[in-house]
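Tertiary structure, described
Residues per chain, in single letters:
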Amino acid sequence: MLKGKNVLLGISGSIAAYKSALLCRELIKKGANVKVLMTPDAVGFITPLTLSTLSKNPVYSEYSDKKTGEWNNHVELAKWADFFLLAPATQNTIAKMANGICDNLLLATYFSMQNKTYFAPAMDLDMFKHPSNQQNIERLEGFGNVLIPSENGELASGLVGEGRMAEVENIIKAISSQDRSWVGKKVVITAGPTYEAIDPVRFIGNHSSGKMGYALAEKALNKGAEVILISGPTQLTAPKGAKLIQIKSAGEMLAAVRAQEANLYICAAAVADYTVTTPSDQKIKKKTETLSIELTPTVDILAEIGANKKEGDFVVGFALETNNEVENAQSKMQRKNCDMIILNSLWDKGAGFGGNDNKITILHKDNNIQNFELKSKSAVAQDIIDSIQSKWLV
Ligand code: CTP
């Protein structure tokens, strides 16, 4: 979403300004063009040199360049920007923005903006809670600006509470999730386990919770896509707006996928590789001798989607590996004709089935590899959706 976007990064005078350097770097890494605007006070917290080096653009804080006399045109800057991101947004700057006070270049540019403004407040606990500040924040939201909520935690004063600027990762997430560029696109997501019946009361299943697939459905909906979630049995509630198709077995999942025609397929389900050849109609009675159950391979749904892929379609698979992870996942990507494989290593602590966190590596068809830290499944889902977007629809 950020690729090729013109971002005006506004910085006002707070200690949280040190995070703006990381934010600037992250925006650049995601392919955005960044120009930085600072209030005169912000310059005391972080140097323009740091930000001009990171953004590869001049940094603006005064109406005119003191040496050359050149005028910094706030209207041109505002016109250039696809959006304005004020992080950190201090109480003072928020108050001025909410009340039409325009005494520096950053504010003049804000008041000239035609496109969206996001603001990430940063201040001490009691300042943050003050009714005047709360009213100003509400007022700014009322003008159509998007609040990136501050977080709870340790503050520069030593106090602990609300008012800390959102972490860089969450700011990026907040601006990415506003993007609706998948409107008109249909996304099929498979999720959860499959149950292969042995008899009317028993089955062969697995520990998949479905959380990853459901989180992906939510993020794809945020982008404006039509989402068909084909899910095995889980304890989860489908995100609002998704069309949920509930199935039990790998065969039913295959039939449900075949009935859809989509632009993007994400196969996050843990599909059984084998099904019971002849499930019993009656409950199998206990006997003393051993019991053998014959299994037949299931159809590989992802491979079938890959084999029938049309021009412009994008196909994403998952791979859970225990050895030679990257090579195995790469050969899986080729075999199943995928554009991207999300690799889970069983050796990564906290990753994989069941839990709320996941650690992934994304392998792309063009051999690009992205490694990610252990994160919540929701944050991982956002990374996957952003990564898909960077290769699809470009
Ligand atoms: N998959 C599928 N249909 C199947 C089996 C797997 O759609 N019948 C999909 C999964 O949803 C996942 C990917 O294939 O996206 C890889 O699954 P995985 O179990 O890691 O690989 P397998 O192909 O089953 O290979 P192996 O078990 O030998 O590693």
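Calculation rules
- Residues numbered from 1 in each chain as written.
- Predicted model: local features only at pLDDT ≥ 70, side-chain atom pairs only at ≥ 80, totals over all residues.
- Heavy atoms only, no water.
- Helix = DSSP H or I, 4+ residues; strand = E, 2+ residues; numbered from the N terminus.
- Buried < 20%, exposed > 50% of the residue type's maximum accessible area, 1.4 Å probe, protein only.
- Areas by Shrake-Rupley, 256 points an atom, 1.4 Å probe, with all protein chains shown as cover.
- Lys, Arg positive; Asp, Glu negative; His and termini not counted.
- Charge placed at Lys NZ, Arg CZ, Asp CG, Glu CD.
- Pairing = 2+ DSSP bridges.
- Contact = heavy atoms within 4.5 Å.
- Axes fitted to C-alpha atoms, helices over the stretch in contact; angles between N-to-C directions.
- Domains from an automatic or database assignment.
- Patch = residues over 30% accessible without salt bridge, like charges linked within 9 Å, V, L, I, M, F, W, Y side chains within 5 Å.
- Salt bridge = Lys/Arg side-chain N within 4 Å of Asp/Glu carboxyl O.
- Near = heavy atom within 4 Å.
- Polar contact = N/O pair within 3.5 Å; in protein donor to acceptor, adjacent residues only side chain to side chain.
- Nonpolar A, V, L, I, M, F, W, Y, C, P; charged D, E, K, R; others polar.

Now for the overall build of the protein. Along its length, the protein carries 13 helices and 22 strands. Its C-alpha atoms give the protein principal-axis dimensions of about 90 × 45 × 35 Å. For the protein, buried positions account for 49% of its 394 residues. Carbon and sulfur atoms form 50% of the exposed surface of the protein, whose accessible area is close to 19300 Å². Of the side chains in the protein, 43 bear a positive and 42 a negative charge, and the two mean positions are spaced by 2 Å.

What you see with strand β14 (residues 264-267) is no split at all: Leu-264 and Ile-266 on one side and Tyr-265 and Cys-267 on the other are buried throughout. The pairing of strand β9 (residues 186-191) with β14 spans 4 bridges and is classified as parallel. Looking at β14, one finds that Ile-189 is bridged to Ile-266. In this sheet, strand β17 (residues 314-321) lies alongside β14 in parallel orientation, the contact comprising 4 bridges. Bridge pairing links Ile-266 to Val-316 in β17.

Looking now at unusual backbone geometry. Note the cis peptide between Ala-87 and Pro-88, where omega equals 5 degrees. Looking at where Pro-88 falls in the secondary structure, it is placed in strand β4 (residues 83-89). One non-glycine residue with positive phi stands out, namely Asn-324, at about 40 degrees. If you trace the backbone, Asn-324 turns up in the loop between β17 and α12 (325-335). The phi torsion at Asn-337 lies on the positive side, around 55 degrees, for a residue other than glycine. With respect to the secondary-structure elements, Asn-337 resides in the loop between α12 and β18 (340-345). By relative accessible area, Asn-337 is classed as partly exposed at 33%.

The subject of this paragraph is the sheet that holds strand β6 (residues 146-147). Pairing in this open sheet of 6 strands is parallel, and the strands run β3-β2-β1-β4-β5-β6 from one edge to the other. Each edge of the open sheet is held by one strand with a lone partner, namely β3 (59-60) and β6. Sheet topology note: the strand β5 (residues 116-121)/β6 ladder contains 2 bridges and is parallel. Among the inter-strand pairings, Phe-119 is bridged to a residue of β6, identified as Leu-147. The sheet strands contacting helix α5 (residues 105-112) are β1 (6-11), β2 (33-38), β3, β4 and β5, and the helix crosses β2 at an angle near 125 degrees. Sheet strands in contact with helix α8 (residues 168-176) are β4 and β5, and its direction is about 150 degrees off that of β4.

So, on to the domain arrangement of the protein. By domain assignment, the protein separates into domain 1 (6-176) and domain 2 (186-392). With centres defined by C-alpha atoms, the gap from domain 1 to domain 2 works out at 40 Å.

Among the surface-exposed residues, Ile-204, Tyr-274, Leu-291, Ile-293 and Leu-295 lie close enough to one another that they form a single nonpolar patch of about 460 Å² accessible area. Within the secondary structure, Leu-291 sits in the loop between β15 (274-276) and β16 (295-297). For Leu-291, a relative accessible area of 61% puts it in the exposed group.

Let us now look at the site of the ligand. Neighbouring the ligand are 16 residues, the closest being Cys-267, Ala-269, Phe-318, Lys-332 and Lys-336. Within the backbone of Leu-302, one N or O atom sits 2.9 Å away from an oxygen atom of the ligand. For the ligand, an oxygen atom lies 2.5 Å from a polar atom in the side chain of Lys-336. A total of 570 Å² of accessible area belongs to the ligand in isolation, and the protein chains cover 77% of it. Here the shell around the ligand takes 4 residues from β17, the largest share from any one element. When the residues that make up the shell around the ligand are grouped by side-chain class, the tally is 10 nonpolar, 2 polar and 4 charged.

Structurally, Asp-339 can be placed in the loop between α12 and β18. Within the local environment of Asp-339, its side chain forms a polar contact with the side chain of Lys-309, the two groups lying 3.1 Å apart. Discounting chain neighbours no more than four positions away, the residues touching Asp-339 are Lys-309, Asp-313, Phe-314, Val-315, Met-333, Leu-363, His-364 and Lys-365.

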